[in-house]
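# Breakdown of the fold
In case you want the letters, here they are:
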Amino acid sequence: MTDAEMVQMEMGHDADADHHAGDDHHDTDMLDHHDGEAAPAVAPAEASLTPEQAMELAIAENRATSASDVLGRLHPVAAHFPIALLLAAAIAELMLLVRPSTGLEVTSRFLVAGGAAGAVVAALLGWTAGGWRLSDRSETLGLHRWNGTAIAALAILATWLAFRSERRTALRVVLLVLAVAIVAQGYLGGEMVFGPNHLGLR
């Protein structure tokens, strides 16, 4: 084979390679063009549900799975009673401080005792809801857990002071601390339900 024939054969191979490369480039362009097109929107199955069906689906997904699950879900309900009773006790003691003749000593004792009982129940239900563990991955949940536990303990102390101590100064100090802790507890609960900075103050 002459040198000229060998050169012609190499040129032919190069031409074939260029042709195939062009075909590959054309195919790639077609794929790129196809990829660039907007994929047809596929509606989720939920979008075709009626409002009544969506409600039934949500109810089914939220169904309680155990007795402890039911008890844990009662925590938000139970928490309102000690909040109201202990804050009312603090107001009653403030009124007694301003005007002792109001005679609210018995009322204050009733409010403190009722608030303490409710706080213990709410704390136990809260532990059931959050899990019986000493630490939490969520800082907010951890603060809510231990602040609620402290509220229950302080409420028991306030009850003892209301029934055992003749001087009301210690009781009033404990109720003041309880009032601050209850407000903080409400804020932490809101952070858990509505998300960070739920009041929009930061």
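Residues numbered from 1 in each chain as written. Predicted model: local features only at pLDDT ≥ 70, side-chain atom pairs only at ≥ 80, totals over all residues. Heavy atoms only, no water.

## Some thoughts on the overall build of the protein chain
Per the secondary structure count, the protein chain includes seven helices and zero strands. Listing the helices and strands of the protein chain from first to last along the sequence gives α-α-α-α-α-α-α. Of all 202 residues assigned to the protein chain, the portion counted as buried reaches 27%. Relative to all contacts within the protein chain whose residues are 6 or more apart in sequence, the contacts with residues 24 or more apart total 60%. A total accessible area of about 14200 Å² is found for the protein chain, and carbon and sulfur atoms account for 66% of it. (Helix = DSSP H or I, 4+ residues; strand = E, 2+ residues; numbered from the N terminus. Buried < 20%, exposed > 50% of the residue type's maximum accessible area, 1.4 Å probe, protein only. Contact = heavy atoms within 4.5 Å. Areas by Shrake-Rupley, 256 points an atom, 1.4 Å probe, with all protein chains shown as cover.)

## Overview of the UniProt feature "transmembrane region" (unreviewed entry) in the protein chain
The residues that UniProt annotates with the feature "transmembrane region" (unreviewed entry) are residues 77–98, 110–132, 144–163 and 170–188. Taken end to end, residues 77–98 has its terminal C-alpha atoms 33 Å apart, with 100% of it in helix and 0% in strand. From the first C-alpha to the last, residues 110–132 spans 31 Å; its make-up is 91% helix and 0% strand. (UniProt positions renumbered as here; feature names shortened; annotations may be inferred.)

## A few points about the packing of helix 4 (residues 75–98) against helix 7 (residues 169–194)
Relative to each other, helix 4 and helix 7 sit at 140°, their axes nearing to 9 Å. Here helix 4 lies oblique to helix 7, going by the angle between them. As for how helix 4 packs across helix 7, the hand of that crossing is left-handed. Facing Ile83, Leu86, Leu87, Ala89, Ala90, Glu93, Leu96 and Leu97 of helix 4, the residues of helix 7 in contact are Leu171, Arg172, Leu175, Leu178, Ala179 and Ile182. In terms of residue class, the contact of helix 4 with helix 7 is made up of 12 nonpolar, no polar and two charged. (Axes fitted to C-alpha atoms, helices over the stretch in contact; angles between N-to-C directions. Parallel < 35°, antiparallel > 145°, perpendicular 65-115°, else oblique. Left-handed = near helix turned anticlockwise from the far one by under 90°. Nonpolar A, V, L, I, M, F, W, Y, C, P; charged D, E, K, R; others polar.)

## Regarding the packing of aromatic side chains
On inspection of all chains with the given rule, the structure shows two aromatic pairs. Between Trp127 and Trp132, the ring centres sit 5.6 Å apart and the planes meet at 35°, which makes this aromatic pair tilted. For Trp132, a relative accessible area of 59% translates into the label exposed. Geometrically, the ring pair formed by Trp127 and Trp146 is edge-to-face, given 5.2 Å between the ring centres and 85° between the ring planes. Of the two residues, Trp127 is situated in helix 5 (residues 105–130) and Trp146 in helix 6 (residues 139–164); the sequence distance between them amounts to 19 residues. Owing to a relative accessible area of 39%, Trp146 belongs among the partly exposed residues under this scheme. (Phe/Tyr/Trp six-rings, centres within 6.5 Å; stacked < 30°, edge-to-face > 60°.)

## Brief notes about the nonpolar core
With 22 residues, the main nonpolar core has Leu86, Ile151, Ala158, Leu171, Leu175 and Leu178 as its most contacted residues. Counting only elements with at least two residues in this core, the list comes to helix 4, helix 5, helix 6 and helix 7. Beyond its immediate sequence surroundings of up to four residues, Leu175 is in contact with Leu86, Ala89, Ala90, Glu93, Val112 and Ala158. (Core = buried A, V, L, I, M, F, W, Y, C linked by side-chain atoms within 4.5 Å.)

## Topic: the side chain of Arg145
Take Arg145: it is sitting in helix 6. Given a relative accessible area of 7%, Arg145 falls into the buried group. The residues contacting Arg145, other than those within four sequence positions of it, are Trp127, Gly130, Gly131, Arg133 and Asp136.

## Some thoughts on the side chain of Asp136
Inspection of the secondary structure puts Asp136 in the loop between helix 5 and helix 6. With a relative accessible area of 18%, Asp136 lands in the buried category. Looking at Asp136, its side chain comes within polar contact range of the side chain of Arg145, at 2.8 Å. Those residues in contact with Asp136, other than ones at most four positions away along the chain, are Gly130, Leu141, Gly142 and Arg145. (Polar contact = N/O pair within 3.5 Å; in protein donor to acceptor, adjacent residues only side chain to side chain.)

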